[in-house]
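# Descriptive structure summary
As a plain string of letters, each chain reads:
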Amino acid sequence: MHKNFGPPMTSMTIDFNAKVSQENFMADVAGKFSLHEETSDNGRMLGQFAASCNMIIDSTCFKHKRIHLGTWSVPGSDQVNQIDHVLVDKRHASSVIDVRTLRGPNCETDHFLVRVKVRERLSNQQICQNERRIRWNSAKLKVTQESERYRQRLEEKLDQGTWRHSVEDHWRGMERAIVEAAKETIGEESKTRNGEWYDEECRRRIERRNEDRHDEECRRRIERRNEDRQRMLQRRTRQNYENYRDSRREASKTCRRKKRESLKRQLGNIDALQEKRDDRAFCKEVRSMTKSYQPRLNICNDRDGNALTEEDKVLDRWAEYFEIALNEQQRNEDEENRTFLGPEINVEEPTHDEVKRAIGQLNNNRAPGNDQIIAELIKHGGEGLSRELHELICQVWKEEVMPGNWNVGIIVPIYKKGNKKECCNYRAITLLNLAYKIFSIILMDRISIYAGNNR
């Protein structure tokens, strides 16, 4: 295997003459589908070896019939032991999809053939370790009572604040107050799988089905099932089987009915939104019904089309692409036609009206930056929050220093079409701190006056 795809898989398939059980001290290196109840001395040494090498005894991790677990038949008897094992390093344990004994092939030995199925695959799904983005339940702010409750809670936290000594502390305190007030009032959006139709009735039906399927008698029979080689399926009573069959039918019918009712409600809601011409809500409902899971990639191609899999090289490639894409327009400008104006003396500080006007220009339904604050939380913050923001901006204006996280922007690649491993098939958007957006709007409004006069 190519070195860019990670280290190769290490595995061992040997006659260890070791019996491995399901005892607690073997839980880290062995599975729960072993043939034996006690671990032999060789099994203990095998477990110590596997632990020292960060490996797992994969031959005990797959559920099979007892006749498909034994690897050696004791001469002169029907007793079978599981003494041949397969060891795999834990990093690639998921690549082994099955281990079992084949009793049919004639190997000219008293051991049975052990078959191992391996499916080695390149992992291209990104494991996100970044801070989780909060999805606020901003719809609650449209309700007058909820909006007022959020505003009052925010004003209480702002009045209790004693963090106005420096620009950094001032903004950190405001950010913490806004986020805490939002968590205590509107909260986050909660979405569960199948939450549109899976209700208490479905839950009761399925619980009843499981009770009929796994009653005490069935449990005892399932435990004794493996003791008999000839009868692998335990014998159920007719009454228990009929109860399980009926409850399973009722549960399936209830779930299907709930799904149909949910689908009809969703289609009716989509029709109503289309009649109201609420394009945003209409697209959101259609997307929720049609979208499927799309894993993000942690690999990309370089300029020559070669695959990059190492994290550092992938980040360098994305940085190189965004450096070119985001600064291309600036490099193409003709510097000879630029007009540079010197700074004015005694520029007045931004007024409270300018701050409120900048807040009103913020767009709703936008993803937050690294501060986890959306525009709706600022707009519904009331007069107290706007005055606090005005004090902060004036402090930044006087000291000529911005908070540290105002200089941080989260660049998000948005896939357009084509090969997902090609960087050129993505467009970039930058998520900025919301208070910095307000500050930049005020600056833009002031600069635009000079830009209009010099056209």
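The rules behind the values
Residues numbered from 1 in each chain as written. Predicted model: local features only at pLDDT ≥ 70, side-chain atom pairs only at ≥ 80, totals over all residues. Heavy atoms only, no water. Axes fitted to C-alpha atoms, helices over the stretch in contact; angles between N-to-C directions. Helix = DSSP H or I, 4+ residues; strand = E, 2+ residues; numbered from the N terminus. Parallel < 35°, antiparallel > 145°, perpendicular 65-115°, else oblique. Left-handed = near helix turned anticlockwise from the far one by under 90°. Contact = heavy atoms within 4.5 Å. Nonpolar A, V, L, I, M, F, W, Y, C, P; charged D, E, K, R; others polar. Buried < 20%, exposed > 50% of the residue type's maximum accessible area, 1.4 Å probe, protein only. Arc of directions from axis to C-beta. Patch = residues over 30% accessible without salt bridge, like charges linked within 9 Å, V, L, I, M, F, W, Y side chains within 5 Å. Areas by Shrake-Rupley, 256 points an atom, 1.4 Å probe, with all protein chains shown as cover. Salt bridge = Lys/Arg side-chain N within 4 Å of Asp/Glu carboxyl O. Lys, Arg positive; Asp, Glu negative; His and termini not counted. Charge placed at Lys NZ, Arg CZ, Asp CG, Glu CD. Phe/Tyr/Trp six-rings, centres within 6.5 Å; stacked < 30°, edge-to-face > 60°. Lys NZ or Arg CZ within 6 Å of the ring centre and 35° of its normal.

## Observations concerning the packing of helix α2 (residues 144-159) against helix α3 (residues 167-185)
At their nearest, the axes of α2 and α3 sit 9 Å apart, and the two run at 140° to each other. Relative to α3, the element α2 lies oblique. Between α2 and α3 lies a crossing of right-handed hand. Here α2 contributes Glu146, Arg149, Tyr150, Arg153, Leu154, Lys157 and Leu158 to the contact with α3, which in turn contributes Ala177, Ile178, Glu180, Ala181, Ala182, Glu184 and Thr185. The residue makeup of the contact of α2 with α3, split by class, is seven nonpolar, one polar and six charged.

## Concerning helix α9 (residues 352-360)
Taken as a whole, α9 has its buried residues at His352, Glu354, Val355, Ala358 and Ile359. Relative to the axis of α9, the buried residues are bounded by an arc of 160° and lie together on one face.

## Re a negative patch on the surface
A surface patch of negative charge is lined by Glu310, Glu311, Asp312 and Asp316. Relative to the helices and strands, Glu311 resides in helix α8 (residues 311-332).

## Some words on the packing of aromatic side chains
Within this structure, the stated rule accounts for nine aromatic pairs. The interplanar angle of 55° and the centroid separation of 5.5 Å between the aromatic rings of Tyr321 and Phe322 together place this pair among those described as tilted. One exposure class covers both Tyr321 and Phe322, and it is buried. An aromatic cluster is present here, built from Trp171, Trp397, Trp406, Tyr436 and Phe439 joined pairwise through their rings. The cationic tip of Lys420 hangs over the ring face of Tyr415; the distance from NZ or CZ to the ring centre is 5.3 Å.

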